[in-house]
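Coordinates in review
So you can see what is in the structure, the chains are spelled out below.
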Protein chains: 8
Amino acid sequence: MTTREMLEKLQNGEISIDEAERFFRQDMYEDMGYAKLDTLRESRTGFPEVIFCEGKQDAYLADICRKLYEKNGEFLGTRASKHQAEAVRQAFSQGPEIRYDEVSRILKLEKPGKEQTGCIAVCSGGTADIPVAEEAAQTAEFFGAKCERIYDIGVSGLHRLLGNLDRIQAANCVVAVAGMEGALVSVLGGLVENPVIAVPTSVGYGVSEGGKTALRAMLSSCANGVAVVNIDNGYGAGYLATQINRLACR
Amino acid sequence: MTTREMLEKLQNGEISIDEAERFFRQDMYEDMGYAKLDTLRESRTGFPEVIFCEGKQDAYLADICRKLYEKNGEFLGTRASKHQAEAVRQAFSQGPEIRYDEVSRILKLEKPGKEQTGCIAVCSGGTADIPVAEEAAQTAEFFGAKCERIYDIGVSGLHRLLGNLDRIQAANCVVAVAGMEGALVSVLGGLVENPVIAVPTSVGYGVSEGGKTALRAMLSSCANGVAVVNIDNGYGAGYLATQINRLACR
Amino acid sequence: MTTREMLEKLQNGEISIDEAERFFRQDMYEDMGYAKLDTLRESRTGFPEVIFCEGKQDAYLADICRKLYEKNGEFLGTRASKHQAEAVRQAFSQGPEIRYDEVSRILKLEKPGKEQTGCIAVCSGGTADIPVAEEAAQTAEFFGAKCERIYDIGVSGLHRLLGNLDRIQAANCVVAVAGMEGALVSVLGGLVENPVIAVPTSVGYGVSEGGKTALRAMLSSCANGVAVVNIDNGYGAGYLATQINRLACR
Amino acid sequence: MTTREMLEKLQNGEISIDEAERFFRQDMYEDMGYAKLDTLRESRTGFPEVIFCEGKQDAYLADICRKLYEKNGEFLGTRASKHQAEAVRQAFSQGPEIRYDEVSRILKLEKPGKEQTGCIAVCSGGTADIPVAEEAAQTAEFFGAKCERIYDIGVSGLHRLLGNLDRIQAANCVVAVAGMEGALVSVLGGLVENPVIAVPTSVGYGVSEGGKTALRAMLSSCANGVAVVNIDNGYGAGYLATQINRLACR
Amino acid sequence: MTTREMLEKLQNGEISIDEAERFFRQDMYEDMGYAKLDTLRESRTGFPEVIFCEGKQDAYLADICRKLYEKNGEFLGTRASKHQAEAVRQAFSQGPEIRYDEVSRILKLEKPGKEQTGCIAVCSGGTADIPVAEEAAQTAEFFGAKCERIYDIGVSGLHRLLGNLDRIQAANCVVAVAGMEGALVSVLGGLVENPVIAVPTSVGYGVSEGGKTALRAMLSSCANGVAVVNIDNGYGAGYLATQINRLACR
Amino acid sequence: MTTREMLEKLQNGEISIDEAERFFRQDMYEDMGYAKLDTLRESRTGFPEVIFCEGKQDAYLADICRKLYEKNGEFLGTRASKHQAEAVRQAFSQGPEIRYDEVSRILKLEKPGKEQTGCIAVCSGGTADIPVAEEAAQTAEFFGAKCERIYDIGVSGLHRLLGNLDRIQAANCVVAVAGMEGALVSVLGGLVENPVIAVPTSVGYGVSEGGKTALRAMLSSCANGVAVVNIDNGYGAGYLATQINRLACR
Amino acid sequence: MTTREMLEKLQNGEISIDEAERFFRQDMYEDMGYAKLDTLRESRTGFPEVIFCEGKQDAYLADICRKLYEKNGEFLGTRASKHQAEAVRQAFSQGPEIRYDEVSRILKLEKPGKEQTGCIAVCSGGTADIPVAEEAAQTAEFFGAKCERIYDIGVSGLHRLLGNLDRIQAANCVVAVAGMEGALVSVLGGLVENPVIAVPTSVGYGVSEGGKTALRAMLSSCANGVAVVNIDNGYGAGYLATQINRLACR
Amino acid sequence: MTTREMLEKLQNGEISIDEAERFFRQDMYEDMGYAKLDTLRESRTGFPEVIFCEGKQDAYLADICRKLYEKNGEFLGTRASKHQAEAVRQAFSQGPEIRYDEVSRILKLEKPGKEQTGCIAVCSGGTADIPVAEEAAQTAEFFGAKCERIYDIGVSGLHRLLGNLDRIQAANCVVAVAGMEGALVSVLGGLVENPVIAVPTSVGYGVSEGGKTALRAMLSSCANGVAVVNIDNGYGAGYLATQINRLACR
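The structure displayed is predicted, hence computed values, not measured ones.

On to the nonpolar core. As a rule of thumb, nonpolar side chains are buried together in soluble globular proteins. Residues Leu161 of chain C together with Leu161 of chain D are the most contacted members of the largest nonpolar core, which totals 252 residues. Apart from the residues lying within four places of it in its own chain, the contact partners of Leu161 of chain D are Ile153, Val155, Leu184, Val187, Leu188 and Leu191 of chain D.

Listed below in structure tokens is the structure:
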């Protein structure tokens, strides 16, 4: 529906002013004072709002979790500390069980019986990259994608990667998580048909520069079909992979 | 077919040594001395090898174009200069017509009658970003995707973007090309359902730093579903967009 | 009064040597040994000296607060820790009440009955930017400007910004506080008539680089009328906004 | 007029659909194919669209100049080359006279009889900074501000600055243009009451890093009331200064 | 004495082999296993070896202090922690008194009755720069130079600098210590006859980048006669100033 | 044995499928779930896998140590904390003795009676570089090389270096460890015949930038025969030196 | 004379208003419109103003040269192109002879019979550094210092430096010019008694980064008594060396 | 012979003063005024001095070539332009033939009948890296090493690398030349026994940053046994590889 069509409908009485106003979505958010929850996000983008927990105060965080739970029947929080998980659990002490994973730092309350479809291959270069890889995998799973985990296949022992190639090539989308020089991404990019979402991690020291070297190397990759997200941004990669997986499963 | 299965078939005489050797693809390339053409790439990744023309000598370039044409019946070259286009045209003077576009710097010889399917929205922030946007669009079209061009919709005049939103939301994938601060990407990311492939351009001066500011801004985007490629890498964005569009059209 | 006029007046006996000397303002400061308080600053710039508390020792800080209070009847301190606030409160235990705000980290003693005029719109991209936004707002209020707070209107949910546009357009000056990619500034810059003072914050991770990406993006903005201050410099933005608001209210 | 009010008026028949549609300004631009002219910009921001000439092709540039001239009766182009000036002059050969200034690289056609009000002090550290300073001054003058030029007053000969202080202090706004270490800005910031808009220039060598050192130094200034724009961005400074000067002259 | 002269003297029996060997100074150091004390440094450079305490273990530090005390009758340590000072004091508990200054972090044992000659002006931009300025001043004093301290004369209140100009101009050498944008150095450089040794400090935040902006600004200074040392390197500045002061006092 | 030869042998029955499969080494690793131990590394590269302890959890680390001990009869861990050393010791409490060195942070269990051959000179600029130098030396010794340690020979006291030149020139390979400006490397490079492996350290402050200045200086060295590894990468240097020493001892 | 003393003298009629006004030096410059010549600089700093020719237009440059010649009887220009030298020569065609040196790019007209005193050692690492070294030497000579040139003594052939050590140690001040890793400076700093002024040059490639690596290495030098100037700033080094040489010759 | 032994011999009359003086090598260079040829380098390091031609003037270059030819009977020049090659050829027009290779830019005159021993594998990622790879190979060949060239084996087509693995593993040393993300190095490092000398090239665009990304990626490599040289430094890699190859061939 274009703007003109909407305006014509309003003029013709086919829709009310309230409906017209909603069209412009200009006050379609939950104003909590310190925050404005984007409650229409799912209808607009296909994904509900997710909570970036890092740095949020306990009271605010619990409050936001509750609001989203009331609205959607579930919520997903990333980068939550153990302490925050405890605080949210207390706030929900009478209600459904909150789950917290210390590796991925994901805090969530999930609707029961959700199904997972399609296939995303989540690969890591080393064991130190697993927390970020898990953030990606668990995010994608929350959003309904099936994930295949293939960890510690960095290129310094190439046979580990080659020995798992069939599983990787079968996925709709590959999430490749690596620190240091991030060469895993270039090798994978040359061997698969579908998009590779590259996640540089802050693993490494010296000129690794907290992940910047992996990031730049991935962006400079000689392989095609490589899309890059911010350093340690497992959530972003899981989100993108879900978008692609959904398109493939339509 | 796994490695073991292949080895068993060889032992059982089901396949020849030549076929087995091909399995490992270890000499499956065209050795031209100065280059090793990856002639199996299409069967491996779904895309034929593409020529990055910049810096290639005339004789080599013409030679490689001919090799790929013989093999695939068409070829695609990116970042070709006018002079290179002339040189390749002369080498093909007896044969099919070579097409060269000065804006995108794409040089190609395309099979007639190819069809384009699906939909990719290719957006640019300003007119100066059009060469990169065209590289993306023409690459995707060469690979069989349909493209919708929506140029000069930078956020300093937000109504130009909002007025074209319906066309953008309808695409399987959005390519967003922008220089300077690259804010177009964040605004789009918040408004669409499918992946946004962000291409920073080297447009700008001073702290724009040849596209690095746009790149970092896009990677830091507050919006979800944003995948980033190297500065001015229209080709890479077109490739990725085609991968996603193909998955959506399966 | 030019230098020559002053010298002529001295020669003609119209002014004393003391007055002439004051003209050059060369010893017009309060020498505290470790510091030289710029006590003529208000007459020179229209604003009294403000205390940057971070890193100051308790005894020194309390001393300086007292000196400024004696001189001006009020004082403003920025980036004060809770501990420092306590120390200053003890030093003033017999006197007027010191106010400390943990969010903005502003410590102050304010003359009663000050009025606030004009209008400054203080906007933030996310909730994590609020401490810096509050530093700006409370600084401007201390200096006599009226502030309108509009928080959490980042561009990933554009309708939140558009829904508050009228209030923003009505201000004499906009302070836009944002981290990550700082796209809020470009969108605002294209929609308002008066200056936008952009404050990048250190919110974000990875390539956000502690606010440098937001800073560079704001300086590269495709929108006009954007002035930028240092990362997290809410105070500086509040000061500038007050200067502009005063000119508008003259 | 709020969105709701507009919608009610439409329902009540007080305004037409066309008027309502205009409210949302979603197709309020001149679509030239390669560009979308923001023809409503003046009504929205108080300033007409200005042409950044650098890199624009002759034909496009002349076309855009003509469009803006037809619409506004005048136009302003920045960073124009001598060659571009010639091309535009030819396109207007039958019409009014185009003016081009080689120092500032400003190309314009101005309505006769415009008046200039208020006062902006445009200062430069050295003679090499004059091109950028002139871009600022001529931009502000085009937009109707009166400018006072005070050049070559860098701090290595402090008396040159002090000897012109009265003129600088009298302005509604100071534009301070300097390269190398940009110390001029800090000294001015401590001596004036109104905002200082700092423009770093790419003048210098070695660690001056093409203006980045001046930029960072200005953002780090120990003086208050300093707003910074991009390197060599005289136009942006002139625009901001005009905004402030207009507020002061209201 | 040239190499040839030495060799001739050896041949002529005027010097012994031991003396000749010493000439080449190849084993003229005190080997402590983990360190090789450069005990001939004073005869070679005019200054004894100084101890950089930061990071040294207590036992080693005390040991080195004792070695240097035995050799020279005094020692100077920089960047010593309070804890280290305590440890060294215990090691010298029977002997002469060790002095430690918490501001400059200098730890020393000084010969009684040393005289100080010449004049070095040690200036600081703000109070936060005083620790570095004191390191410079106390180093120079230990090496026999007289110092004039002039603190908190940053350019945002220019009259504080101008009011102390006579004292600064009278020195053989100026040490100028400043953080943030370091403009103090450029203003001083334009007003004095003798060398200005600029010491950038890590005072500041955001784009101050831990002193790098001040450093680059000082190196880019438009003023002549400015020599720069590493960030926070008060010791190095005090050393250089002493070298210059000695030359002036010869 | 080439791929073809292997395939022919398989066809001829000279080798079994299991042996053929091993040839491709595609599942030749120990899968521990969170890690894939590269157990064939020694046969492939001549060196067993080494454990980078930093950041590994106690249980995982002890587990991996045990696996490698079972396989190889010894193991080497780098960057181990004191706490980790304790945890591994407890896991091996019934077995052979674990050795931990606090300076180099090397944790190991070594086969008795190993011999060391050849000669590597391990040099350091200062005492602060010793931890990295020891990591290099102890790594090389674990791998069977003889090491000569020559510490604290930085160029500010050149005679310390010159006095030890004979021992350095006699080595098959020099490891030069230095922080700050790393000039030691250039001086050594001009004086020796065999390769110099340069290890920048994070020793220094200000523009030393955590070792980046030493790194860049070493890569820019005017001397020939200088190979560089990552900042603080003593392990990598010890590994390379062993490779070279082995070639020399063949 | 202090400000007060001057004011008293004026009041007492001991000096005229004109003399008093001159005291403040506020209009003591030659205003040429596009430039303000600092004609009192020599009386203030002991050095006349010098012309930085790079980028100056021919007419302006010739004009400024003439103005300075009229005032001082000589002038010095740095970074002059051959073309500029020709232009100035033509402007002086009737007058005294202009001298131009293509290596140092110094353009000058010098009073006959000037004497040179003291001693400055000007050293270069390689032959490519000679242009910058010559700029330093010829600047110092113009200002009256005697210079000893010692070129191509980089540390990769250490004996070249050691063989010239006596001449270097005899100077009042050493100017050390080097590119790449700049290690020459550290070696010299450890061997001489007087200040070393380090000039990084843009000689080198890759990580030399146009002189930034040499600059940072020099600032990080492990040797004492090293003062650094901007990259390629031979003029600045010559100026500083002259200041120090003058103090030594007083 | 140690210093002491030499001195004793001199005292005993076993050697002359001239011989003793030579021992210290302090004037053992050919002083050409603008350059000091290091004629003893071969006896000290095993390699003669090589000429870095870039930027050298024709006359100087020809002169230096002649000097080295007279001394050694051959010479090697790197980074020579076609024009320089012509100039040197003219200077040698009566003598032996000069050879110049446009790809590697190597200019040389070589003794006939030199033999090449051992084996160095010189690998390149792409065809654009060949000039640097050739500089490495031809340098090593000049110094007497046998080279195996294996070009265009970048990891985006992994089978090209794996198909050549046997030849690479057989070498004493691998030179790996690659631009963009440089992943070739990590894959090779995991597959070979001997040292890999990594040469980053300036091939690439955007975040490749002229080779800095490849450089950092190589230094951060997850593989062991990787030594890195400066960007595009083929000469340095060839030199190092020769050193290692010589040790292996002893």
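Let us keep going from here.
This paragraph deals with the relation of the copies chain B and chain A. Structural alignment of chain B on chain A gives an RMSD of 0.1 Å, achieved by rotating through 180 degrees and translating 0.0 Å along the axis. The two molecules are tied by a two-fold rotation axis, judged by turn and shift. Of the residues that chain B buries at the interface, 100% are likewise interface residues in chain A, meaning the two copies contact each other through the same surface.

Right, let's get into the interface of chain B and chain A. Tallying the contact residues gives 33 residues for chain B and 33 residues for chain A. Summed over both sides, the interface of chain B with chain A buries roughly 2800 Å², with 51% coming from carbon and sulfur. The largest per-residue losses of area from chain B upon contact with chain A belong to Leu219, Asn224 and Leu247 of chain B, which jointly make up 21% of the total buried on that side. Across the contact surface, chain B and chain A share eight residue pairs in polar contact (both at pLDDT 80 or more). Sorting the residues of the side of chain B that touches chain A by element identifies helix H3 (41–45), helix H10 (212–219), strand S11 (226–228) and helix H11 (234–249) of chain B as the ones contributing at least two each. If you tally residues by element for the side of chain B that touches chain A, the top one is H11 of chain B, at seven residues. Across the side of chain B that touches chain A, the residue classes break down as 17 nonpolar, 11 polar and five charged.

Take the side chain of Lys36 of chain A next. Tracing the sequence through the fold places Lys36 of chain A in strand S2 (residues 36–37). Those residues within four positions of Lys36 of chain A in sequence are excluded, and the remaining contacts are Tyr29, Glu30 and Asp31 of chain A together with Ile150, Tyr151, Asp152, Ile153, Arg160 and Asn164 of chain C.

It is at 6 Å that the axes of helix H11 (residues 234–249) of chain F and helix H11 (residues 234–249) of chain H come closest, and there the two elements cross at 40 degrees. Overall, the two elements H11 of chain F and H11 of chain H adopt an arrangement that is oblique. For the pair H11 of chain F and H11 of chain H, the sense of crossing is left-handed. For the pair formed by H11 of chain F and H11 of chain H, the contact residues are Ile244, Leu247 and Ala248 of chain F on the first element and Ile244, Leu247 and Ala248 of chain H on the second.

To continue, consider unusual backbone geometry. Residue and element names in this part refer to chain D. Positioned with a positive phi, Arg105 is a non-glycine residue whose angle comes to about 60 degrees. Structurally, Arg105 can be placed in the loop between strand S5 (99–101) and strand S6 (106–109). Unlike most non-glycine residues, Met180 shows phi in positive territory, near 45 degrees. By the secondary structure assignment, Met180 is in the loop between strand S9 (173–178) and helix H9 (183–189).

Left apart from each other, chain B and chain E have a closest C-alpha approach of 13 Å. Chain C makes no contact with chain H; the smallest distance between any of their C-alpha atoms is 13 Å.

Within this structure, the stated rule accounts for 103 salt bridges over all chains. We note a salt bridge from Glu134 of chain E to Arg149 of chain E, for which the minimum N-O separation is 2.6 Å. Pair noted here: Glu134 of chain E is in helix H6 (residues 130–142) and Arg149 of chain E is in strand S8 (residues 145–150), with a separation of 15 residues, a long-range link. On the accessibility criterion, Arg149 of chain E (29% relative accessible area) is partly exposed. Note that Glu135 of chain H is salt-bridged to Arg79 of chain H, the shortest N-O span being 4.0 Å. With Glu135 of chain H in helix H6 (residues 130–142) and Arg79 of chain H in the loop between strand S4 (75–78) and helix H5 (82–91), the pair connects residues that are 56 residues apart, well separated along the chain. With respect to burial, Glu135 of chain H and Arg79 of chain H carry one shared label: buried. One network of salt bridges, with partners in common, ties together Glu74, Lys108, Glu110 and Lys114 of chain A.

On to the sheet that holds strand S3 (residues 51–52) of chain E, then. The sheet built from four strands is open, its strands ordered S3-S4-S6-S5 (chain E) with mixed pairing. The outermost strands of the open sheet, each flanked by one partner alone, are S3 and strand S5 (99–101) of chain E.

What follows covers the packing of aromatic side chains. For the structure on display, the rule yields 64 aromatic pairs over all chains. Between Phe47 of chain F and Phe143 of chain F the ring centres are 4.8 Å apart and the planes differ by 80 degrees, which places this aromatic pair in the edge-to-face class. Placement of the pair is Phe47 of chain F in the loop between helix H3 (41–45) and strand S3 (51–52) and Phe143 of chain F in the loop between helix H6 (130–142) and strand S8 (145–150), with a sequence separation of 96 residues. As far as burial versus exposure is concerned, Phe47 of chain F and Phe143 of chain F are alike and both buried. The structure contains a cluster of three or more aromatic residues connected by ring pairs, namely Phe47, Phe142, Phe143, Tyr235 and Tyr239 of chain A. Geometry around Phe92 of chain B places Arg66 of chain B over its ring, the cationic atom sitting 4.7 Å from the centre. Lying over the aromatic face of Tyr205 of chain A, Arg79 of chain F brings its terminal NZ or CZ to 4.1 Å of the ring centre.

Attention now goes to H6 of chain E. Given a rise of 1.5 Å per residue, 13 residues ought to cover 18 Å, and the 18 Å separating the end C-alpha atoms of H6 of chain E matches this to within 8%. Among the 13 residues in H6 of chain E, 12 count as buried, and that is most of the element.

Another aspect to go through is the sheet that holds strand S3 (residues 51–52) of chain A. By definition, the strands of a sheet pair up through backbone hydrogen bonds, in either a parallel or an antiparallel sense. A sheet is described by the order of its strands in space; here four strands give the open sequence S3-S4-S6-S5 (chain A), paired in mixed fashion. At either margin of the open sheet sits one strand with a lone partner, and together these are S3 and strand S5 (99–101) of chain A.

Residues and elements named next belong to chain E. Of note, Tyr60 is situated in helix H4 (residues 58–72). On the basis of relative accessible area, Tyr60 is assigned to the partly exposed category, the value being 35%. Note: C-alpha distance between Tyr60 and Ala217 (157 residues apart in sequence) is 39 Å.

Let us now look at the environment of Phe75 of chain E. Residues and elements named next belong to chain E. Mapping Phe75 onto the fold places it in strand S4 (residues 75–78). Judged by its relative accessible area of 2%, Phe75 is buried. Sequence separation of Phe75 and Glu49 is 26 residues, and the distance between their C-alpha atoms is 8.3 Å.

In this section: helix H6 (residues 130–142) of chain D. Residues three or four positions apart in an α-helix share a direction because the helix packs 3.6 residues into each turn. Along H6 of chain D, the positions that sit buried rather than exposed are Ile130, Val132, Ala133, Glu134, Glu135, Ala136, Ala137, Gln138, Thr139, Ala140, Glu141 and Phe142 of chain D. Taken from the residues just after H6 of chain D, Gly144 of chain D is the one with a positive phi, measuring 100 degrees.

This next bit is on the state of the cysteines. What the rule picks out here adds up to zero disulfides over all chains. With no disulfide of its own, Cys222 of chain A lies closest to Cys123 of chain H among cysteine sulfurs, the gap being 15 Å. Cys65 of chain H provides the cysteine sulfur closest to Cys53 of chain H, a residue in no disulfide bond, and the two sulfurs are 6.1 Å apart.

With that settled, consider the domain arrangement of chain A. Residues and elements named next belong to chain A. Annotation of chain A at the domain level lists domain 1 (3–109) and domain 2 (117–249). For domain 1 and domain 2, the distance between their C-alpha centres works out to 28 Å. If you look at the interface, domain 1 gives 16 residues, while domain 2 gives 16 residues. Counting across the interface, domain 1 meets domain 2 through one salt bridge. Remark: the boundary between domain 1 and domain 2 carries four residue pairs in polar contact (both at pLDDT 80 or more). Residue assignment for the side of domain 1 that touches domain 2 shows that the elements contributing at least two residues are strand S4 (75–78) and strand S6 (106–109).

Analysis parameters
- Residues numbered from 1 in each chain as written.
- Chains lettered and ligands numbered in written order.
- Predicted model: local features only at pLDDT ≥ 70, side-chain atom pairs only at ≥ 80, totals over all residues.
- Heavy atoms only, no water.
- Core = buried A, V, L, I, M, F, W, Y, C linked by side-chain atoms within 4.5 Å.
- Buried < 20%, exposed > 50% of the residue type's maximum accessible area, 1.4 Å probe, protein only.
- Contact = heavy atoms within 4.5 Å.
- Least-squares fit on C-alpha atoms with pLDDT ≥ 70 in both.
- Buried area = accessible area lost by both parts, 1.4 Å probe.
- Polar contact = N/O pair within 3.5 Å; in protein donor to acceptor, adjacent residues only side chain to side chain.
- Helix = DSSP H or I, 4+ residues; strand = E, 2+ residues; numbered from the N terminus.
- Nonpolar A, V, L, I, M, F, W, Y, C, P; charged D, E, K, R; others polar.
- Axes fitted to C-alpha atoms, helices over the stretch in contact; angles between N-to-C directions.
- Parallel < 35°, antiparallel > 145°, perpendicular 65-115°, else oblique.
- Left-handed = near helix turned anticlockwise from the far one by under 90°.
- Salt bridge = Lys/Arg side-chain N within 4 Å of Asp/Glu carboxyl O.
- Pairing = 2+ DSSP bridges.
- Phe/Tyr/Trp six-rings, centres within 6.5 Å; stacked < 30°, edge-to-face > 60°.
- Lys NZ or Arg CZ within 6 Å of the ring centre and 35° of its normal.
- Expected span 1.5 Å × (residues − 1).
- Disulfide = S-S within 2.5 Å.
- Domains from an automatic or database assignment.

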